[in-house]
Amino acid sequence: MEYQYHIFSPYRVCPIGAHVDHQHGLVTGFAIDKGVDFWFSPNDDGHVHLESLTFDGTVDFDLTQATQVRERHWGDYARGVKYALKKRFTLRRGVTGVVQGSLPVGGLSSSAAVLIAYTMAFAKANDIELTPFEVVTIASEAEREYIGLNNGILDQACIALGRKDGLMFLDCDSNEYRIIRRNPAMADFEIGIFFSGLTRSLVNSDYNLRVYECKTAAWDMLAYTDQPLKPFDKTFLRDIPKSTFEKTRIAMPRRFALRAEHFYSEYRRVRQGVTAWESGNLKLFGRLSFDSCESSIHNYECGSPELIAIYEIMRTLPGVYGGRFSGAGFKGACMALVDPARKDDIERELTRRYLEKFPEYEDTFKVYFVKPDDGARFV
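Here the structure is a predicted model, which is why all the values come from computation and not from measurement.

Caption draft 1: Representation of the overall build of the chain in the model. The helix and strand inventory of the chain stands at 10 helices and 13 strands. Computed over the C-alpha atoms, the radius of gyration of the chain is 21 Å, within 12% of the 21 Å expected from 2.2 N^0.38 for a compact globule of 379 residues. Sequence-distant contacts in the chain: of pairs separated by 6 or more residues, those separated by 24 or more amount to 72%. Surface summary for the chain: the accessible area is close to 16,100 Å², and the carbon and sulfur share equals 49%. On the chain, the mean spot of the 47 positive side-chain charges and the mean spot of the 51 negative ones are 4 Å from each other.

Caption draft 2: Structural context of the nonpolar core. One finds Tyr 118, Phe 122 and Ile 191 to be the most contacted residues of the largest nonpolar core, which totals 121 residues. The element that contributes the greatest number of residues to this core is helix H2 (residues 110-125), accounting for 12 residues. Those residues in contact with Phe 122, other than ones at most four positions away along the chain, are Val 48, Phe 61, Leu 63, Ala 78, Val 81, Lys 82, Leu 85 and Val 95.

Caption draft 3: Focus on the layout of surface pockets. Its boundaries defined by the atoms lining it, the second largest pocket holds a volume of some 510 Å³. Taken together, 21 residues make up the lining of the second largest pocket; nearest its centre are His 24, Arg 144, Asn 151, Asp 233 and Phe 236. Among the secondary structure elements, those contributing two or more residues to the lining of the second largest pocket are helix H3 (132-147) and helix H5 (206-224). No other element matches the five residues that H3 contributes to the lining of the second largest pocket.

Procedures and definitions
Residues numbered from 1 in each chain as written. Predicted model: local features only at pLDDT ≥ 70, side-chain atom pairs only at ≥ 80, totals over all residues. Heavy atoms only, no water. Helix = DSSP H or I, 4+ residues; strand = E, 2+ residues; numbered from the N terminus. Rg over C-alpha atoms; globule rule 2.2 N^0.38 Å. Contact = heavy atoms within 4.5 Å. Areas by Shrake-Rupley, 256 points an atom, 1.4 Å probe, with all protein chains shown as cover. Lys, Arg positive; Asp, Glu negative; His and termini not counted. Charge placed at Lys NZ, Arg CZ, Asp CG, Glu CD. Core = buried A, V, L, I, M, F, W, Y, C linked by side-chain atoms within 4.5 Å. Buried < 20%, exposed > 50% of the residue type's maximum accessible area, 1.4 Å probe, protein only. 1 Å grid on protein atoms, 1.4 Å probe; cavity = no way out; pocket = protein on both sides within 12 Å on 5 of 7 lines; lining within 4 Å. Points joined across faces, edges and corners; volume = space filled by probe spheres on them.

All we've got here are geometric facts, nothing functional implied.
Set out below in structure tokens:
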């Protein structure tokens, strides 16, 4: 079937600034040259019919009617976008389309890429003009309020706003962002994606738990210093000075103090990382990415044994500037900034050492090398 439109919505990686967007922290990120392709044609009857080249089954619903309850199926992402758009606009025209992902890898935020694609498609079909940041907001709302993942806007912002020639730097409190162009003096690099082979994890549900732990840490600090408490959903670590944390951390249960330590130290690392990027210092930028992962392991307490093994191996490999877990950090992949001249050596040595430790993933462990790319767009 010939479709009228084609959207490419890239996957994303975050070198520094992980697990802080939901606390209104500072983040950095790249869109990459692999992602989700969505081919579609608008129709006049308001019906949405979607097929996938990646997942089984089809999706059918009426875009003009009230949003149904979640079905725990890949079609929920399209229904979530309908939910978020209908809060703002009248939707009359539907779409018929097919979606495909280009890498079968967790940790690159394929869900956010799909949400961005559907947002752009449903808007196009209904002649709705959206700025890139409005696309970010709507897609994020769909994931948070309909899908039920209490995330911030890092994933959607990287995917919608990224540029191939620069680093996206975003303040998740003010929503101000800029693309920091690559310094001509910076060494060449590509992005390694090292997929653990682990596709299911019993701890994956801990994502929302970590968000609540961060908010509880913030509540603790307010209570210990006799400040008024805010509603839980309006409580963010960003609103509490680090000096308050230093005064109160000893009184807090250990897990809450660790979550706050990750937030405040990651804030500092992003600031330092932006300066390193601006000056073309890729080695320092990479080292800060490694430090970010250390904090994710020891303070944020995420990371499966498989991901930690990949991280510890890649830290020792010549040609790896830096890297960390990609995504929520409970399953999926690690990302690294690598010297393109050392790619073959890196892949060979990482594969050998990882499979020595986890031979059960011989058929599912994968290595990919990608490059930064522009954000979601009509092709």
